[in-house]
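Read off the chains here:
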Amino acid sequence: MRLTRRDRTVLFAPLAVLLGGWLVVPAVLGLVATFTTYSPFTTTVRFSGFANYAAVVQDPQFGAAIRNIAVFTLVAVPLELAIGFGIAYLLRRPMKGRALWRVLLLAPWLVSPIAGGVMWHFLFSGSTGMLDFALGWLRLPEVASPIGDLRLALPTAIAVEVWRVAPFVTFLLLPGLVSIPNARWEEATLAGASWFQQIVHVAVPELRTLLLTVAMLLVGLSLGTFDGILILTGGGPGTATLTPALYSYGRAFQTNDWPVGAASGWLIAAGVIAVGLIYVRLARERVAA
């Protein structure tokens, strides 16, 4: 039976109330506050126009955060897709213990970013880290912790993020690979296609929409990277691993510059929304084609 307009209104009204009261209204109020001098610690509020946004854009630390997150996203997302797809490709065929492997591979994603950050910070720390333990066991001299090295801190943070997210990509892509008819794989094998050619000519065309969706999801997650790096490196050394989300947090809660912190937070939100709009456009073009 088809729902009437009244039925749909009744069904969606509770959701609209929840979203409006707990998400939309606070978000709009927060956006309006970025054009003022509002802070929980002030008694007077004045309209400041775009001064807060200008302060963010002109801050060298924010520029460093943008560069870091650009490198982070451009490196981490392709690696997560490639590794996640590769593992899913290996698990697509029935094998003994496949269900157990799927659960074990998802474990890094089930670990919270904060818990993962604590674990890797402990493993990479200078005095108790696994590197010093391994080098000591081999009777080799100690080396500096990678999370304290200006050149290695960001690559280390990227590696930790790839370790955490790649299994999640496998979890998302595996059902799509399993759903591809066996006849397609057999035809490619009989045609003499290598495993790489099978991926390019069989798997990718079948999963193009899913791959696009997962890629946009990963980009959005990368742009908002915060808690894992907060615990792993704290944004340091210096600004080597500072991200826009960490910058916003630092300005709002560490330096008590609430208006600038809120403005930078909305710039991050604008970036995530832009990614979503790009996805919607690409998805529509894909459907139209």
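Since this is a predicted model, take the numbers as computed values, not measurements.

*Asks:* Help me out: how do you make sense of a nonpolar patch on the surface in this one?
*Replies:* Together, Leu-11, Phe-12, Leu-15, Leu-19, Leu-23, Val-24, Val-28 and Val-32 give the surface a local cluster of nonpolar side chains, amounting to about 750 Å² of exposed area. You can see Val-24 is positioned in helix 1 (residues 5-33). Note on Val-24: relative accessible area 45%, which makes it partly exposed.

*Asks:* Got a minute to help me understand the nonpolar core in this structure?
*Replies:* Note that soluble globular proteins tend to have their nonpolar side chains buried in a common cluster. Phe-72, Phe-85, Leu-173, Leu-177, Trp-185 and Leu-232 are the most contacted members of the largest nonpolar core, which totals 47 residues. By residue number, the principal contributor to this core is helix 7 (residues 153-178), which donates 11 residues. Residues within four places of Leu-177 in sequence aside, it is in contact with Phe-85, Ala-88, Tyr-89, Arg-92, Trp-185, Ala-203 and Leu-207.

*Asks:* Looking at this structure, I do not really get the layout of surface pockets. What am I missing?
*Replies:* A water-sized probe, rolled over the atoms, reveals where empty space remains. Considering only enclosed or pocket space, the largest pocket measures out at about 290 Å³ in volume. Along its surface, the largest pocket is lined by 15 residues, and Ser-248, Trp-258, Gly-261, Ala-262 and Gly-265 are the ones closest to its centre. For the lining of the largest pocket, the secondary-structure elements that each account for two or more residues are helix 1, helix 12 (244-254) and helix 13 (258-288). Residue composition of the lining of the largest pocket, by class: 11 nonpolar, four polar and no charged.

*Asks:* What exactly am I supposed to notice about the pattern of salt bridges here?
*Replies:* Pairing between side chains becomes possible if they bear opposite charge and their charged atoms approach one another. Throughout the structure, instances matching the rule amount to five salt bridges. Residue Asp-149 pairs with Arg-151 through a salt bridge whose shortest N-O separation is 3.5 Å. The partner of Arg-184 in a salt bridge is Glu-206, with the nearest N and O atoms 2.4 Å apart. Here Glu-206 lies in helix 9 (residues 195-206) and Arg-184 lies in helix 8 (residues 182-190), a separation of 22 residues in the sequence. Accessibility expressed as a relative area gives 29% for Arg-184, which makes it partly exposed. The partly exposed category is assigned to Glu-206, whose relative accessible area is 40%. The structure contains a network of salt bridges with shared partners spanning Asp-59, Arg-251 and Asp-257.

Definitions and cut-offs
Residues numbered from 1 in each chain as written. Predicted model: local features only at pLDDT ≥ 70, side-chain atom pairs only at ≥ 80, totals over all residues. Heavy atoms only, no water. Patch = residues over 30% accessible without salt bridge, like charges linked within 9 Å, V, L, I, M, F, W, Y side chains within 5 Å. Areas by Shrake-Rupley, 256 points an atom, 1.4 Å probe, with all protein chains shown as cover. Salt bridge = Lys/Arg side-chain N within 4 Å of Asp/Glu carboxyl O. Helix = DSSP H or I, 4+ residues; strand = E, 2+ residues; numbered from the N terminus. Buried < 20%, exposed > 50% of the residue type's maximum accessible area, 1.4 Å probe, protein only. Core = buried A, V, L, I, M, F, W, Y, C linked by side-chain atoms within 4.5 Å. Contact = heavy atoms within 4.5 Å. 1 Å grid on protein atoms, 1.4 Å probe; cavity = no way out; pocket = protein on both sides within 12 Å on 5 of 7 lines; lining within 4 Å. Points joined across faces, edges and corners; volume = space filled by probe spheres on them. Nonpolar A, V, L, I, M, F, W, Y, C, P; charged D, E, K, R; others polar.

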